Amino acid sequence: MAVTLEDVERLREKADVTYEEAKAALERSNGDLLDALIDLERRGKTRTPGSGGTYSTRPGANIPPSAPGKETAGYNEAQGTRSGGWNGLWESVKELFSALFHALDPSTHNRFEVWRQGKLLTSMPLLILIIAVICVFYITVPLLIMGLFLGCRYQFSGPDLGRKDLNDAMNSMSDTVEDMKDQVRRSGGKT
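Thresholds applied
- Residues numbered from 1 in each chain as written.
- Predicted model: local features only at pLDDT ≥ 70, side-chain atom pairs only at ≥ 80, totals over all residues.
- Heavy atoms only, no water.
- Pairing = 2+ DSSP bridges.
- Helix = DSSP H or I, 4+ residues; strand = E, 2+ residues; numbered from the N terminus.
- UniProt positions renumbered as here; feature names shortened; annotations may be inferred.
- Axes fitted to C-alpha atoms, helices over the stretch in contact; angles between N-to-C directions.
- Parallel < 35°, antiparallel > 145°, perpendicular 65-115°, else oblique.
- Left-handed = near helix turned anticlockwise from the far one by under 90°.
- Contact = heavy atoms within 4.5 Å.
- Buried < 20%, exposed > 50% of the residue type's maximum accessible area, 1.4 Å probe, protein only.
- Arc of directions from axis to C-beta.

1. Let's talk about the pairing of strand S4 (residues 111–116)
For S4 and strand S5 (residues 119–125), the ladder comprises 6 bridges, and the chain directions are antiparallel. Each bridged residue has a counterpart across the sheet, and for arginine 116 the counterpart in S5 is lysine 119. Between S4 and S5, which pair antiparallel one after the other, the connecting turn spans 2 residues, and glutamine 117 there sits at a positive phi close to 55 degrees. Examined bridge by bridge, S4 and strand S6 (residues 152–157) share 6 bridges and lie antiparallel to one another.

2. Concerning the UniProt feature "coiled-coil region" (unreviewed entry) in the chain
The positions that UniProt labels "coiled-coil region" (unreviewed entry) are, in the present scheme, residues 5–43. Summarising residues 5–43: 79% helix, 0% strand, and an end-to-end C-alpha distance of 22 Å.

3. Thoughts on the packing of helix H1 (residues 5–15) against helix H3 (residues 33–42)
The N-to-C vectors of H1 and H3 enclose an angle of 45 degrees; their axes lie 10 Å apart at closest approach. Classified by the interaxial angle, the pair formed by H1 and H3 is oblique. By crossing handedness, the relation of H1 to H3 is classed as right-handed. Residues Asp7, Arg10, Leu11, Lys14 and Ala15 of H1 touch H3, and the partners they reach there are Leu33, Ala36, Leu37 and Leu40.

4. Thoughts on H1
Among the residues of H1, Asp7, Val8, Leu11 and Ala15 are the ones counted as buried. Across the axial projection of H1, the buried residues extend over an arc of 100 degrees, all falling on one side. Facing away from the buried side of H1, by more than 90 degrees, are the exposed residues Leu5, Glu6 and Glu13. Against helix H2 (19–28) and H3 lie the buried residues of H1. Trailing H1 by a residue or two, aspartate 16 shows a phi angle of about 55 degrees, which is positive.

5. Some thoughts on H2
For H2, the set of buried residues is Ala22, Ala25 and Leu26. With its buried residues spanning 100 degrees around the axis, H2 presents them on a single face. As for H2, its buried residues are in contact with H1 and H3. Asparagine 30, located one to two residues past H2, shows a positive phi value of around 55 degrees.

What follows is the structure, encoded as structure tokens:
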């Protein structure tokens, strides 16, 4: 679908981005204004006019704060404390977990794949790989290295990591290990 100047202008109004960013987002979303706006927000490209502040597509996120001194959602602005006993505590816990899951969301959509001889051996969320490297570093890293010597190739896929340059770097690493194995084989036959 052709991107029109009118669509670019409407997107610029909503997201406060440059013409170039708006056009690129519309091209990535095949001219769909909502998808382009969501794409820009995910990439952190949206800016709000004026100084400070944020804009979000999440429900209730753009509700202006109440007048000073009034209590809103279990928070007493005058005292700077939460109120409401268990309800206030429960709301705080929900906000914490919501923020945690929102931060981890991209790592569950992107995947780490292990290939061998052109066949997919396994594919796992990137979050699992990160947890394995952090928790059992001395087991995970040697296994990944051993996999390279056994002919495995690693790739990333997903909306954030499925880029050609990242996977080219992974293939380059696998090719280097294959070259090292060939050199060892050739030098082993000469002695």
